[in-house]
Amino acid sequence: MVKRILVPVDGSDCSNDALQFAAEEWPEAELVLLHVINPARSSAGSELGVPGAVEQWYENATTRSETVLSNAAATVDRDVEMLTEVGRPGNTIRDVAEAEDVDAIVIGSHGRTGVSRVLLGSVAEGVVRKASVPVTVVR
């Protein structure tokens, strides 16, 4: 029986669809929403020598995370737990799933194929391949 579900959210339609699916499929389960701040995206201003660029980026990323989580939570008619973590998305999702003792992960996928998938990678695919709990991918 699924009692606790991790749903990574990033503000995209795909992640919103995954959240709606989880809420409808498991109406009694606790939902844990996760937004991952990827530090790989923090170097833009620091490479140009702009003082405080990384700190400003992190502050903006944290504010965006709060907005993404709040907007996602508002779409389901129940209380949810909201988490923000910093790290590589795939690894962080798997780590949080273990730390939060969830029974399943429900994740959205953009459904990219071919060259775009190879070039951009797939967080959902990495989670599916290495997660220690069942993963449902919503497209």
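Structure shown above.
This section reports on the structure supplied with the text. Worth saying up front: this structure is predicted, and the values here are computed from it rather than measured.

## Points about the pattern of salt bridges
Piece 1. The tally for this structure, following the rule as stated, stands at 4 salt bridges.
Piece 2. Note that arginine 4 and glutamate 30 form a salt bridge whose closest N and O atoms lie 2.9 Å from each other. Of this pair, arginine 4 sits in strand β1 (residues 4-8) while glutamate 30 sits in strand β2 (residues 30-37); the two residues are 26 residues apart in sequence, bridging distant segments of the chain.
Piece 3. Look at arginine 4 and you get buried, because its relative accessible area is 14%.
Piece 4. Under the relative-accessibility criterion, glutamate 30 is labelled partly exposed at 46%.
Piece 5. The salt bridge involving glutamate 100 is made with arginine 4; its shortest N-O contact spans 2.7 Å. Here arginine 4 lies in strand β1 and glutamate 100 lies in the loop between α4 (89-99) and β4 (104-108), a separation of 96 residues in the sequence.
Piece 6. Through salt bridges with shared partners, a single ionic network connects Arg4, Glu30, Glu81 and Glu100.

## Here's the deal with the side chain of arginine 94
Piece 1. Relative to the elements of secondary structure, arginine 94 occurs in helix α4.
Piece 2. No salt bridge is formed by the buried arginine 94, whose closest oppositely charged neighbour, aspartate 95, lies at an N-O distance of 5.9 Å.
Piece 3. Within the local environment of arginine 94, its side chain forms a polar contact with the side chain of asparagine 91, the two groups lying 2.3 Å apart.
Piece 4. Those residues within four positions of arginine 94 in sequence are excluded, and the remaining contacts are Gly126, Val127, Lys130 and Ala131.

## Comments concerning the side chain of asparagine 38
Piece 1. With respect to the element layout, asparagine 38 can be found in the loop between β2 and α2 (44-47).
Piece 2. Residue class for asparagine 38 comes out buried when judged on its relative accessible area of 18%.
Piece 3. A polar side-chain atom of asparagine 38 sits 3.0 Å from the main-chain amide nitrogen of alanine 40.
Piece 4. Excluding anything up to four places from it in sequence, asparagine 38 contacts Trp57, Gly87 and Pro89.

Cut-offs applied
- Residues numbered from 1 in each chain as written.
- Predicted model: local features only at pLDDT ≥ 70, side-chain atom pairs only at ≥ 80, totals over all residues.
- Heavy atoms only, no water.
- Salt bridge = Lys/Arg side-chain N within 4 Å of Asp/Glu carboxyl O.
- Helix = DSSP H or I, 4+ residues; strand = E, 2+ residues; numbered from the N terminus.
- Buried < 20%, exposed > 50% of the residue type's maximum accessible area, 1.4 Å probe, protein only.
- Lys, Arg positive; Asp, Glu negative; His and termini not counted.
- Polar contact = N/O pair within 3.5 Å; in protein donor to acceptor, adjacent residues only side chain to side chain.
- Contact = heavy atoms within 4.5 Å.

Everything listed is a geometric property; what it means functionally is a separate question.
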